[in-house]
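# Structural characterization, general
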Amino acid sequence: MTVRSLRTLVTCAAAVSLGLTAVAPAHGVEGPAPDPHNAKAMRDMATAIAATAKYADERQAIRDGYVPKGEECMTNPFGVGAMNYHYVKQANWGSKDPARPTALLYSREKDRNGRRRLETVEWMSTDRDQDLKTADDRPSMFGLPFDGPMPGHWAGMPKHYDLHMWAYKKNPAGRFHNWNPALTCPKKAPTPGKPAAAHAHGH
């Protein structure tokens, strides 16, 4: 019972600190966070986690139409952090439904059964005028504005907005920060026999 009370206290403290990060970004966590008093945002977060829990099994994501896109690992070009493999479901492009994320982000590493671990869920939306200097159509979810607009991350991807929720891996910069400073991509050294290298030179 004492442990439960302590856990409740810690959870409340975490919720309060998340609420304060938007006010005082200079101290530690810089990522945005929903207002814990925003009932719809809290409900939508719970919906997103409940709807995507089944995708802890990468095979289920592939069965449901999520397709690997881009590189195994993307490094933040403007600072620290990285994000891993994007699996994108084109039918969910532009979705602002918490139960229908556009992308699921999986680890580069595989477990002993040869499967990647689910880390992040992400919503993506096309920038209407494809002009990076305007943002009058910026979407929002969970009471938070999407990041962007930004260039596409792979061939054929339009300039877009996106919102990440690190639901399955801790992000020290905040659950909704796009880049995770605890992740780094491997150095681009030659790695003979690695599938990614083979694909890059294959036809």
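Just so it is clear, the structure is predicted and the values come from calculations on it, not from any experiment. (Residues numbered from 1 in each chain as written. Predicted model: local features only at pLDDT ≥ 70, side-chain atom pairs only at ≥ 80, totals over all residues. Heavy atoms only, no water.)

This next bit is on the pattern of salt bridges. Overall, the coordinates contain eight salt bridges when judged by the stated rule. Residues R59 and D57 are paired through a salt bridge, measuring 2.9 Å at the closest nitrogen-oxygen approach. D57 gets classed as partly exposed once you look at its relative accessible area, which sits at 22%. Between R128 and D136 there is a salt bridge; the shortest N-O distance is 2.7 Å. As far as burial versus exposure is concerned, R128 and D136 are alike and both exposed. Each of R108, E109 and R117 takes part in salt bridges that share partners, so that together they form one network. (Salt bridge = Lys/Arg side-chain N within 4 Å of Asp/Glu carboxyl O. Buried < 20%, exposed > 50% of the residue type's maximum accessible area, 1.4 Å probe, protein only.)

This part covers helix α2 (residues 39-52). Across its 14 residues, α2 extends 20 Å between first and last C-alpha, which sits within 8% of the 20 Å expected from 1.5 Å per residue. Of all the positions in α2, only A41, D44, M45, A48 and T52 are classed as buried. The arc that holds every buried residue of α2, seen down its axis, measures 105 degrees, which confines them to one face. Opposite the packed face of α2, turned more than 90 degrees from it, sit the exposed residues R43 and A50. Of the surrounding secondary structure, the elements contacted by the buried residues of α2 are β3 (103-110), β4 (116-126) and β8 (160-165). The opening residue of α2 is N38, an N-cap whose side-chain oxygen sits 3.2 Å from the backbone nitrogen of K40. (Helix = DSSP H or I, 4+ residues; strand = E, 2+ residues; numbered from the N terminus. Expected span 1.5 Å × (residues − 1). Arc of directions from axis to C-beta. Contact = heavy atoms within 4.5 Å. Polar contact = N/O pair within 3.5 Å; in protein donor to acceptor, adjacent residues only side chain to side chain.)

Before going further, it helps to spend a moment on the sheet that holds β4. Sheet strands pair via backbone hydrogen bonds, and the direction of the pair is either parallel or antiparallel. Strand order in the open sheet made by the six strands is β1-β2-β3-β4-β8-β7, with antiparallel pairing throughout. Each edge of the open sheet is held by one strand with a lone partner, namely β1 (67-75) and β7 (147-150). The sheet shows a mean angle of 30 degrees between the axes of neighbouring strands, taken without regard to direction. Two elements, strand β2 (residues 82-88) and β3, share four bridges in a ladder whose sense is antiparallel. Within β3, the position partnered with Y85 by the bridge is Y106. (Pairing = 2+ DSSP bridges. Axes fitted to C-alpha atoms, helices over the stretch in contact; angles between N-to-C directions.)

Close reading of the predicted structure is inappropriate where its pLDDT is low. Of all residues in the chain, 77% attain a pLDDT of 70 or more, and the chain-wide mean is 84. For the stretch residues 1-29, pLDDT sits under 50, and the model shows eleven contacts to residues farther than four places along the chain or on other chains. Counting interchain partners and residues more than four positions distant, the pLDDT-below-50 stretch residues 196-203 has two contacts. (pLDDT = per-residue confidence, 0-100.)

Here we take up the environment of M150. Mapped onto the elements, M150 comes out in strand β7. Owing to a relative accessible area of 15%, M150 belongs among the buried residues under this scheme. The spatial distance from the C-alpha of M150 to the C-alpha of Q130 is 9.1 Å, given a sequence separation of 20 residues. Dropping the residues within four chain positions of it, M150 is found in contact with L132, P158, K159, H160 and D162.

Applying the stated criterion across every chain yields a total of one disulfide. The residue that forms a disulfide with C73 is C185, at a sulfur-sulfur distance of 1.9 Å. Its torsion about the S-S bond being -90 degrees, the disulfide of C73 and C185 is classed as left-handed. On the criterion of sequence distance, the pair formed by C73 in strand β1 and C185 in the loop between β8 and α4 (195-201) is long-range, its members being 112 residues apart. Among the residues examined, C73 registers a relative accessible area of 8% and is labelled buried. (Disulfide = S-S within 2.5 Å.)

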